[in-house]
Amino acid sequence: QVQLVESGGGLVQAGGSLRLSCVASGRIFSINAMRWHRQAPGQQREWVALITSIGSTSYADSVKGRFTISRDTARNTVYLQMNNLKPEDTAVYSCSAVIDSTNYWGQGTQVTVSS
């Protein structure tokens, strides 16, 4: 059974940084696109960043220039480096990955940015 587990969330002051990780485990043949998403209280989930199997990346306008997505293929892991965090970045961050043609989701990790 494939699982995605996020870690690295926490409480940080505005202007600070956090690095999120998402590890895929289980019977995995190949991982294609990996994504980060977030959902703030009372709001719909929004896409944050994408990295393809060949390392191409794209970002939501709200995080462009502040967040960096990367992946370690050997460790089945995707990262999200978040710099210059703002209170509006407060949300539950979750990852998703297309693994063997199926899209899987993690449970999420809370990120809280205080002003």
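Presented here is an overview of the structure given in this document. Just so it is clear, the model here is predicted, and its values are computed rather than measured.

Criteria and thresholds
- Residues numbered from 1 in each chain as written.
- Predicted model: local features only at pLDDT ≥ 70, side-chain atom pairs only at ≥ 80, totals over all residues.
- Heavy atoms only, no water.
- Helix = DSSP H or I, 4+ residues; strand = E, 2+ residues; numbered from the N terminus.
- Rg over C-alpha atoms; globule rule 2.2 N^0.38 Å.
- Buried < 20%, exposed > 50% of the residue type's maximum accessible area, 1.4 Å probe, protein only.
- Contact = heavy atoms within 4.5 Å.
- Lys, Arg positive; Asp, Glu negative; His and termini not counted.
- Charge placed at Lys NZ, Arg CZ, Asp CG, Glu CD.

### Some words on the overall build of the protein chain
Stage number 1. Across its full length, the protein chain holds zero helices and eleven strands.
Stage number 2. Scanning the protein chain from its N terminus toward the C terminus, one meets helices and strands in the order β-β-β-β-β-β-β-β-β-β-β.
Stage number 3. Relative to the globule expectation of 13 Å for 115 residues, the C-alpha radius of gyration of the protein chain, 13 Å, shows essentially globular dimensions.
Stage number 4. Looking at the protein chain as a whole, 41% of its 115 residues qualify as buried.
Stage number 5. Of the contacts made within the protein chain by residues no fewer than 6 positions apart, 53% connect residues no fewer than 24 positions apart.
Stage number 6. For the protein chain, the distance from the average site of its 10 positive side-chain charges to the average site of its 7 negative ones is 4 Å.

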